[in-house]
Amino acid sequence: MIFSREIGIDLGTSTTRLTDKKGHILISEPSVVAVDVKTKQVLATGNEAKKMIGRTPGSIVPIMPIRGGVIADFDMTADMLHNFMYRSSKRGMFTKTGVVISVPSGVTEVERRAVEDAVRAAGAQDVELIEAPMAAALGAGLPVYEATGSMIIDFGGGTCDIAVVTLGRVASCRSVKIGGDSLNEAILDYLKKEHGILVGEKTAEDIKLKIGSASEYDGEAAMEIKGRKLEDGLPGSAEITSADIREVINTQLDEIITAIRETLEVTLPDLSADILDRGIYLTGGGARLRGIKEKLEREILIPIIIPENPENCVALGTSQRLRKGR
């Protein structure tokens, strides 16, 4: 017997999420694949593969096949999606699968085609692409099919997509290659240049989560960082403060703020009035950054609304697209 199923996929740079037609999150795991370079065999995906980053022998390489919201390694992306799709299914391998998958708003036709081909190589028969900000707006519960303007900022791991949507279409948009991973990289660069300390990506992520912020906050503190000294390769440490990391983060956020302003500048006046009344919705994992709501409101002078579970909005939007019919 041939069973059929439909899956929504948020293919993120740092995290991939799969959802069913009812809006249940089936998979939410890092977009990482661990590969044995000698045999080319995939050893692990998702959570298990991420644990290997920085801790594996030379023959095992953790690969992040999505970079900046687009596919950097086609075969590894297909293998990862195949694994996630298989693990999300309660049925056998002979299931006919339809997929709605998100892509950043600024991707090229070649990049869109690569995503579609990777999903088909992973085992899907029917594939529909939806722009990430439209999916995020759907997942946030915005009235995207009505004759009113809604503005969404989807701040993910690899990109920040900014869009105004109305009547089921994107009226204006910008896509910036800045996301949570970019903030981590900026922290790594800061530690190397200012303190001569080399640390791993996991440490940079920990710094961002523990003392990182976009605005001043109560309880700011210093943090001791341990790593390898660049000058002699020996273990070393450095002390950094919340203010240090905020300056690093805000340098990145300033580019996003510029893109938001540019999007508003080309938005029709009536739609702008709707946005002023309703506010701007902020989704994606970046919405969890401490103080980002306050910073954006100071800079843009429009209320910022963060939905519950903002990191799941794109995935939930693909689920809604499944329910609406493809």
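About the criteria used
Residues numbered from 1 in each chain as written. Predicted model: local features only at pLDDT ≥ 70, side-chain atom pairs only at ≥ 80, totals over all residues. Heavy atoms only, no water. Helix = DSSP H or I, 4+ residues; strand = E, 2+ residues; numbered from the N terminus. Rg over C-alpha atoms; globule rule 2.2 N^0.38 Å. Buried < 20%, exposed > 50% of the residue type's maximum accessible area, 1.4 Å probe, protein only. Contact = heavy atoms within 4.5 Å. Areas by Shrake-Rupley, 256 points an atom, 1.4 Å probe, with all protein chains shown as cover. Lys, Arg positive; Asp, Glu negative; His and termini not counted. Charge placed at Lys NZ, Arg CZ, Asp CG, Glu CD. Salt bridge = Lys/Arg side-chain N within 4 Å of Asp/Glu carboxyl O. Pairing = 2+ DSSP bridges. Axes fitted to C-alpha atoms, helices over the stretch in contact; angles between N-to-C directions. Arc of directions from axis to C-beta. pLDDT = per-residue confidence, 0-100. Core = buried A, V, L, I, M, F, W, Y, C linked by side-chain atoms within 4.5 Å. Phe/Tyr/Trp six-rings, centres within 6.5 Å; stacked < 30°, edge-to-face > 60°. Lys NZ or Arg CZ within 6 Å of the ring centre and 35° of its normal. 1 Å grid on protein atoms, 1.4 Å probe; cavity = no way out; pocket = protein on both sides within 12 Å on 5 of 7 lines; lining within 4 Å. Points joined across faces, edges and corners; volume = space filled by probe spheres on them.

**Here's the deal with the overall build of the protein chain**
For step 1, the next point in the chain: Broken down by element type, the protein chain carries ten helices and 18 strands.
For step 2, the next point in the chain: Relative to the globule expectation of 20 Å for 326 residues, the C-alpha radius of gyration of the protein chain, 20 Å, shows essentially globular dimensions.
For step 3, the next point in the chain: In terms of overall dimensions, the protein chain has C-alpha extents of about 60 × 55 × 30 Å along its principal axes.
For step 4, the next point in the chain: Within the protein chain, the fraction of its 326 residues that count as buried is 52%.
For step 5, the next point in the chain: The long-range fraction of contacts in the protein chain, counting pairs at least 24 apart against all pairs at least 6 apart in sequence, stands at 63%.
For step 6, the next point in the chain: Summed over its atoms, the accessible surface of the protein chain is roughly 15500 Å², and 49% of this surface lies on carbon and sulfur atoms.
For step 7, the next point in the chain: Charged side chains in the protein chain number 40 positive and 47 negative. The centres of these two groups are separated by 7 Å.

**Let's talk about the pattern of salt bridges**
For step 1, the next point in the chain: Taken as a whole and judged by the stated rule, the model has 19 salt bridges.
For step 2, the next point in the chain: Two residues, Lys21 and Glu6, come together in a salt bridge whose shortest N-O distance is 3.0 Å. In this pair, Lys21 sits in the loop between β2 (15–19) and β3 (25–30) while Glu6 sits in strand β1 (residues 4–11), placing the two residues 15 residues apart along the sequence.
For step 3, the next point in the chain: Given the relative accessible area of 38%, Lys21 is considered partly exposed.
For step 4, the next point in the chain: One salt bridge in this structure joins Glu262 and Arg174, with 3.6 Å as the shortest N-O distance. Of the two residues, Glu262 sits in helix α7 (residues 242–265) while Arg174 sits in strand β13 (residues 169–176), which places them 88 residues apart along the sequence.

**Topic: the sheet that holds strand β9 (residues 96–103)**
For step 1, the next point in the chain: Spatially, five strands are ordered β3-β2-β1-β9-β10 in an open sheet, and the strand pairing comes out mixed. A strand with exactly one partner marks an edge of an open sheet, and here the two such strands are β3 and β10 (126–131). Recorded for the sheet is a direction-independent mean angle of 20° between the axes of neighbouring strands.
For step 2, the next point in the chain: The pairing of β1 with β2 spans four bridges and is classified as antiparallel. Residue Gly8 lies in a different strand from β2, and its bridge partner there is Thr19.
For step 3, the next point in the chain: Each of β1, β2, β3 and β9 touches helix α2 (residues 74–87); the most contacted strand, β1, lies at about 130° to it.
For step 4, the next point in the chain: Each of β9 and β10 is contacted by helix α4 (residues 132–139), which is oriented at about 85° to β10, the strand it contacts most.

**Examining helix α6 (residues 201–211)**
In an α-helix there are 3.6 residues to a turn, and that puts residues three or four apart on one side.
For step 1, the next point in the chain: Turning to α6, its buried residues are Ala204, Ile207, Lys208 and Ile211. Along the axis of α6, the buried positions cluster into a sector of 110°, meaning they face one direction only. Counted as exposed and oriented over 90 degrees from the buried face of α6: Lys202, Leu209 and Lys210.

**A closer look at the confidence of the model for the protein chain**
For step 1, the next point in the chain: Per-residue pLDDT for the protein chain has a mean of 90; in total, 95% of the residues score no lower than 70.
For step 2, the next point in the chain: The spread of mean pLDDT over the elements of the protein chain runs between strand β6 (residues 60–63), the lowest at 85, and strand β17 (residues 280–283), the highest at 98.

**As for the nonpolar core**
For step 1, the next point in the chain: Of all hydrophobic cores here, the largest spans 45 residues; its most connected members are Ile207, Ile240 and Ile260.
For step 2, the next point in the chain: If you tally residues by element for this core, the top one is α7, at nine residues.
For step 3, the next point in the chain: Apart from the residues lying within four places of it in its own chain, the contact partners of Ile240 are Tyr190, Leu191, His195, Ile207, Ile211, Ala221, Ala222, Met223, Ile225 and Ile245.

**Examining the packing of aromatic side chains**
For step 1, the next point in the chain: Following the criterion strictly, the structure yields zero aromatic pairs and no others.
For step 2, the next point in the chain: For Arg290, the ring lying beneath its charged end belongs to Tyr217, and the centroid distance is 4.3 Å.

**Examining the pairing of β2**
For step 1, the next point in the chain: With four of five residues buried, β2 lies mostly within the body of the structure.
For step 2, the next point in the chain: Taken together, β1 and the strand that follows it, β2, pair antiparallel across an intervening segment of three residues.
For step 3, the next point in the chain: Pairing analysis gives five bridges linking β2 to β3, with the strands arranged antiparallel. Bridging from a neighbouring strand, Thr16 pairs with Glu29 of β3.

**Overview of empty space enclosed by the protein**
For step 1, the next point in the chain: Inspection of every chain in the model, using the stated rule, returns one cavity of 30 Å³ or more.
For step 2, the next point in the chain: Considered as a void within the structure, the largest cavity measures approximately 40 Å³ in volume.
For step 3, the next point in the chain: Around the largest cavity, the lining residues are Ile153, Phe155, Leu253, Ile256, Ile257, Ile260, Leu282, Ile292 and Leu296.
For step 4, the next point in the chain: Of all elements in the fold, only β11 (150–155), α7 and α9 (292–300) reach the threshold of two or more residues within the lining of the largest cavity.
For step 5, the next point in the chain: Among the elements that take part in the lining of the largest cavity, α7 stands out by supplying four residues, more than any other.

**What to know about the environment of Ile275**
For step 1, the next point in the chain: Counting through the fold element by element, Ile275 comes out in helix α8 (residues 269–278).
For step 2, the next point in the chain: As a C-alpha pair, Ile275 and Phe155 span 120 residues in sequence and 18 Å in three-dimensional space.
For step 3, the next point in the chain: The contacts of Ile275, once residues within four sequence positions are left out, are Gly149, Ser150, Met151, Val164, Leu264, Thr267, Ile280 and Ile302.

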